[in-house]
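# Inside the fold
One-letter residues, chain by chain:
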Amino acid sequence: MPTPSHRALLENRTVLKLSGADRVKFLQGLVTADVAALEPGQATWSACLTPQGRWQADFFLVADPDDTCLLLDCASEQAESLCKQLLRFRLRGDVQMEATGMRVMAAWGEVPDAVLMENTISFADPRLPAAGWRLLDVPDTTQPTATEQDYNLHRLVLGLPDGVQDCEVGRTLAAEANMDLLGGVSWTKGCYMGQEITARMHYRTLVKRRMVPVASAAPLPAPGTPVLAAGVEVGTLCSSQDHVGLALLKTSAVTQQLDCGGHHLVPRPPVWLTSALAPPATPPSTPNPDSSASS
């Protein structure tokens, strides 16, 4: 059976417009994505990090197909602070940044109506094919067919984090939010804020905690509730909707019996996450030639 097409108006999103001749060079040194690689109409997921590689804000970044500007689809509650944070580094660069009045929709299931796609700035969600599409500058006459809660449930089942709901400013590492697995980090571009820590953890496989989809037979407790294994805290519950959610867990705890606020949690890592949760391979031991000779 074909999956019905759903579209939800996201009232909690704001679109920022970054314009000026130096916009690409300016943003390239500040965010995790490769801004210079974006062609008109292409999009990526990206974040601003602290120098220590900790999350500050994340957003979808799209090169406007009809204008010489970049559009940042971000959480409304972070729009003003994100704008101020980025423009601190403007110096004498030809860069301007402002909020737009564009409406944002998320769509999933069957491909949205072709007319709607043509009359909006639309792009496939760059994190996962199953995530669907983002539609910017949606006409006021376009009515949603789903709610924000429906979309929240959709992204939780897929294991997709929502920055303001799942990350802590100045604390969450990009890899803990699985940005390294979901295309939110470029490993080929030059330096950016927080790049050294992010790259070191990636190449040395030092990530000890990750966000993992979880499910329970009962509605989950509030975000921040500790997750326990045999009475020992091994993580924290992040956002949830009804019986599913995300939890920031020690990777070693995913196979254990988990409890959260009296609820039994069942980790449900998707295929794209399973290898990152596996314990690192132990290299085979090499015999010591001296010891064998002495024996």
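A short tour of the structure in this document, coming up. From a predicted model like this one, the values you see are computed outputs, not experimental measurements.

Parameters and conventions
- Along every chain, residues carry numbers that run from 1 in the direction the sequence is written.
- pLDDT decides what is reported in this predicted model: residues at 70 or higher carry local features, side-chain atom pairs at 80 or more are listed and counted, and totals for whole chains, interfaces and linings draw on all residues regardless.
- Side-chain metrics rest on all non-hydrogen atoms present in the structure, leaving aside hydrogens and water.
- Numbering goes from the N terminus for both helices and strands, where a helix is a DSSP run of H or I of at least four residues and a strand is a run of E of at least two.
- Atoms counted for the radius of gyration: C-alpha only. Globule rule: 2.2 Å times the number of residues to the power 0.38.
- Buried residues are those whose accessible area, probed at 1.4 Å on protein chains only, stays under 20% of the maximum for their type, while exposed residues exceed 50% and partly exposed ones sit between those limits.
- Any two strands are treated as partners once DSSP identifies two or more bridges connecting them.
- Think of it this way: Lys and Arg go in the positive column, Asp and Glu in the negative one, and His and the chain ends go nowhere.
- Here a salt bridge means any side-chain nitrogen of Lys or Arg lying within 4 Å of a carboxyl oxygen belonging to Asp or Glu.
- Note on contacts: a residue pair qualifies if any of its non-hydrogen atoms lie within 4.5 Å across the two residues.
- By definition here, a helix of n residues has an expected span of 1.5 Å times n minus one.
- Structural elements are reduced to axes, namely lines fitted to C-alpha atoms, with helices fitted over the stretch in contact, and the angle between N-to-C directions of any two is expressed from 0 to 180 degrees.
- Only buried residues count toward a nonpolar core, which is a set of Ala, Val, Leu, Ile, Met, Phe, Trp, Tyr and Cys residues joined through side-chain atoms within 4.5 Å.

## Brief notes about the overall build of the protein
Secondary structure summary: the protein contains eight helices and 15 strands in total. Since a compact globule built from 295 residues should have a radius of gyration of about 19 Å, the 21 Å found for the protein is in line with a globular shape. In terms of its C-alpha atoms, the protein occupies a principal-axis envelope of roughly 80 × 50 × 35 Å. The buried share of the protein, reckoned over its 295 residues, is 49%.

## Structural notes on the pairing of strand E7 (residues 104-108)
In terms of burial, E7 is largely enclosed, as five of its five residues are buried. Judged by which residues are buried, E7 turns out to be covered on both faces: Val104, Ala106 and Trp108 on one side and Met105 and Ala107 on the other are all buried. Relative to E7, strand E1 (residues 6-9) runs antiparallel, the two sharing four bridges. From the neighbouring strand, leucine 9 faces E7, where its bridge partner is methionine 105. By the bridge criterion, four bridges tie E7 to strand E9 (residues 133-136) in an arrangement that is antiparallel.

## Observations concerning the side chain of aspartate 162
For aspartate 162, the location among the structural elements is in the loop between helix H4 (148-158) and helix H5 (163-166). For aspartate 162, which is buried and forms no salt bridge, the nearest opposite charge comes from arginine 13, at a distance of 4.2 Å. Apart from residues lying up to four places away in sequence, aspartate 162 is in contact with Arg13, Arg155 and Cys167.

## A few points about helix H2 (residues 76-87)
Residues that lie three or four places apart on an α-helix share one face, since the helix turns once every 3.6 residues. Taking 1.5 Å per residue as the helical rise, H2 with its twelve residues ought to reach 16 Å, and the 17 Å between its terminal C-alpha atoms agrees with that figure. All of the buried residues along H2 are Gln78, Ala79, Leu82, Cys83, Gln85, Leu86 and Leu87.

## Observations concerning the pattern of salt bridges
Applying the stated criterion to the full structure yields eleven salt bridges. As a salt-bridge pair, arginine 127 and aspartate 125 come within 2.8 Å of each other at their nearest N and O atoms. For the pair arginine 127 and aspartate 125, a shared accessibility class is recorded, and that class is buried. Via salt bridges that share partners, Arg13, Asp73 and Arg134 belong to a single interconnected network.

## Focus on the sheet that holds E7
What the four strands build is an open sheet, ordered E1-E7-E9-E8; its pairing is antiparallel. Either end of the sheet is taken by a strand with one partner, and the two such strands are E1 and strand E8 (121-124). On average, adjacent strands in this sheet sit at an angle of 20° to one another, irrespective of strand direction. Contacts between H4 and the sheet are confined to E1, E7 and E9, with E7 contributing the most and set at about 55° to the helix.

## Considerations on unusual backbone geometry
A negative phi angle is the norm for most residues apart from glycine, just as the trans form is the norm for most peptide bonds. Phi is positive for aspartate 137, which is not a glycine, with a value near 60°. With respect to the element layout, aspartate 137 can be found in the loop between E9 and H4. One non-glycine residue, aspartate 242, adopts positive backbone phi at about 60°. Locating aspartate 242 in the fold gives a position in the loop between strand E12 (232-241) and strand E13 (244-250).

## Some remarks on the nonpolar core
Formed by 39 residues in total, the largest nonpolar core has its most connected members in Leu71, Leu136 and Met179. For this core, the element with the most residues is strand E3 (residues 43-49), which contributes four residues. Setting aside anything within four residues of it in sequence, one finds leucine 71 in contact with Val15, Leu16, Lys17, Phe60, Leu61, Val62, Asp64, Met102, Ile121 and Leu136. Listed in part, the 23 residues of the second largest apolar core include Leu16, Leu70, Leu82 and Leu87.

## Quick notes on the sheet that holds strand E15 (residues 263-267)
Taken in spatial order, the six strands close into a barrel running E10-E13-E12-E11-E14-E15, and their pairing is antiparallel. For this sheet the average axis-to-axis angle between neighbouring strands, irrespective of direction, equals 40°. Pairing analysis gives five bridges linking E12 to E13, with the strands arranged antiparallel. Bridged to glutamine 241 within E13 is valine 244. Sheet contacts for H4: strand E10 (209-215), E12 and E13; angle to E12, the most-contacted strand, approximately 140°.

## Description of the pairing of E15
With two bridges connecting them, E10 and E15 associate as antiparallel partners. Each bridged residue has a counterpart across the sheet, and for alanine 215 the counterpart in E15 is valine 266. The pairing of strand E14 (residues 258-260) with E15 spans three bridges and is classified as antiparallel. Looking at E15, one finds that cysteine 260 is bridged to histidine 263.

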